[in-house]
Amino acid sequence: MNPDLRRERAAASFNPELLTHILDRGPQNTRRRREIENLILNDPDFQSEDLNFLARSQRYEVAVRRSATLVKKIREFGISDPDEIMWFKNFVNRGPSPLDLHLGMFLPTLLHQATAEQQERFFMPAWNLDVVGTYAQTEMGHGTHLRGLETTATYDPETQEFVLNSPTVTSIKWWPGGLGKTSNHAIVLAQLYTKGKCYGLHAFIVPIRELGTHKPLPGITVGDIGPKFGYDEMDNGYLKMDHYRIPRENMLMKYAQVKPDGTYVKPLSNKLTYGTMVFVRSFLVGESARALAKACTIAIRYSAVRRQSEIKPSEPEPQILDFQTQQYKLFPLLATAYAFHFVGAYMKETYHRINEGIGQGDLSELPELHALTAGLKAFTSWTTNSAIEACRMACGGHGYSHCSGLPNIYVTFTPTCTFEGENTVMMLQTARFLMKSYEQMQAGKLVCGMVSYLNDLPGQRIQPQQVAVWPTSVDICSPDGLTEVYKLHAARLVEIAAKNLQTEVSHRESKEVAWNLTSIDLVRASEAHCHYVVVKLFTEQLLKIQDKPIHTVLRNLCLLYSLYGISQKAGDFLQESILTSSQITQVHQRVKELLTVIRLDAVALVDAFDFQDISLGSVLGRYDGNVYENLFEWAKSSPLNKTEVHESYYKYLKPLQSKL
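Keep in mind that what you see is a predicted model, and the values were worked out from it rather than measured.

Attention shifts here to the nonpolar core. Ranked by internal contacts, the top residues of the largest apolar core, which has 126 residues, are Tyr-338 and Leu-554. A total of 15 residues in this core trace back to one element, the largest contributor, which is helix 9 (residues 324–359). Apart from the residues within four sequence positions on either side, Tyr-338 is in contact with Leu-19, Leu-23, Phe-538, Leu-554, Leu-557, Leu-605, Ala-608 and Phe-609. With 24 residues, the next largest nonpolar core counts Ala-186, Leu-192, Val-222 and Ala-256 among its residues.

So, on to the sheet that holds strand 7 (residues 220–224). What the 3 strands build is an open sheet, ordered 4-8-7; its pairing is antiparallel. Among the strands making up the open sheet, the edge pair consists of strand 4 (173–174) and strand 7. As paired strands, strand 4 and strand 8 (residues 237–241) are joined by 2 bridges and run antiparallel to one another. The partner of Trp-174 across the bridge, within strand 8, is Tyr-238.

Right, let's get into unusual backbone geometry. Backbone phi values are negative for most residues with the exception of glycine, while trans is the configuration of most peptide bonds. Although it is not a glycine, Lys-195 adopts a positive phi angle of roughly 55°. Tracing the sequence through the fold places Lys-195 in the loop between strand 5 (185–194) and strand 6 (197–207). The class of Lys-195 is exposed, set by a relative accessible area of 60%. A positive phi angle, close to 60°, is found at Ser-577, a residue other than glycine. Inspection of the secondary structure puts Ser-577 in the loop between helix 17 (570–575) and helix 18 (581–599).

For Thr-414, the location among the structural elements is in the loop between helix 11 (406–413) and helix 12 (423–442). With sequence-adjacent residues up to four places away left out, Thr-414 is seen in contact with Phe-229 and Asn-385.

Let us now look at helix 15 (residues 519–542). With 24 residues, helix 15 extends 35 Å from end C-alpha to end C-alpha; this agrees with the ideal 34 Å at 1.5 Å per step. A large share of helix 15 lies buried, amounting to 18 of its 24 residues.

Rules behind the numbers
- Residues numbered from 1 in each chain as written.
- Predicted model: local features only at pLDDT ≥ 70, side-chain atom pairs only at ≥ 80, totals over all residues.
- Heavy atoms only, no water.
- Core = buried A, V, L, I, M, F, W, Y, C linked by side-chain atoms within 4.5 Å.
- Buried < 20%, exposed > 50% of the residue type's maximum accessible area, 1.4 Å probe, protein only.
- Helix = DSSP H or I, 4+ residues; strand = E, 2+ residues; numbered from the N terminus.
- Contact = heavy atoms within 4.5 Å.
- Pairing = 2+ DSSP bridges.
- Expected span 1.5 Å × (residues − 1).

What follows is the structure, encoded as structure tokens:
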């Protein structure tokens, strides 16, 4: 063990193991997760070479082998709990997998949108991997704007079939993971036409490759879209359909239906069609926390090992974690990782709770679920994306090497800002819900859920061009007081956006044009709402912590997260008359004080995330801190070092060196 890391751990003010239990939601979950991880670590079938030294086709092949082995071992070990399957999958793949959309979207869509008869036909074959599926929504010319998708599914009552067609080059399905080479079926979202009328997007189960031979079926053109910024293990693909016929029974009909004669039966809510996207967005909030926790673990452990420069002349080089600037780079991100973890757990519970209600016909909370998953997916992924890069740069030159693990974390995570909804569009979807809630409040109705703070607005007592002025007596030294600050901030920005939108609407005939001209304000309002939700949920989590040392350290992280957010948008809080100039000065000072306090527990806090070295995939973030010895060994394993002299020397350089 590196002596610096040993000393850091010995000085911690709390027991990291107890905090791990909180993050895992119970010691029994920690034990079971570790059992699963050790099953994988001790299984020779999961051993493989470092992917960083492989070509793309090799990385894809390794990923397919791992995925197939994963499914085989899940069956062999009798693992059936969804959480345990996710632990198993994350630890085996540690990155993109060709079966990700099969496990994460195809199967859940069948569970939640297929009829009992369709589940009988498709679910068990899909579970057994006879049917390997993906989720084909995005097209070359349209992504997040679902109404703009061009793929058509036209019902033919004579044959009782749907005719699927890609009418233009921009209508070719583009980007679905696992589509290029792995899947033999796809859930395709297409514009439904029956009896000469379009009824919008609906989902269809579409066979795309012949079972047994895996060759594309007649009328199907399918393949891989080529190299990307990352995701080398994933065969993101394209799909073109030429008047391709499928049975009527292959339309997912749990909610919307097309009768044999072509009669359309509409669902209780159009939003039910997008249930899979809502599920994935809620899941991605937790994945943001996971990715950021990994990046923080690497950067903070390395910062405790790396010694450089000097604070006092002639004294030994200090750990770079002792520099206040390094603490300022990393500790707010560490606090964010914890905040997002608790938000991710909340979103998971909320999704399942509301989904159970939907199954019983209760759609009352569906609009807020859509708004919350859209906004928090955008808010957490934007933040995490920039935070991973900040962690990489905090590791100096070695952070640029793949051995740090940080480039892989970044290129694997960054597509999250786009898939399942481009983030700006997601924020505007949240804004629509906020504007509707504001209108309800103005009409004298009480709004519920996370937007209940709008009930405290003065409402119609304010003239159209006026806004509320808030008191500055809030306590900025407590989590509850800071939650109040963020609540006022969200209410203020929602109010500003709503009044600006009303003004634009009054000047124009088109509400859509008015919406576009107010969209910057609307995104700011959504961001403020999401920021408030995160602070609120982090603060509420503190009430559940019984262990005093852990409560203290989490309270400090909660304070740092909240105060740092204010310091980064100090102008907003001043302009909105929520805080005074002296309070902002106090915020900046308190942030610096918290850096010093958290410094003592920084290594223990990342240890509590409980990532094993193989999961981190980082030489810099090793638990034992023996960075430099292993950095040298990693470099020596590069394929370029298999020979003392590379053959290119003899081919190209030596002929130029005629005199040598």
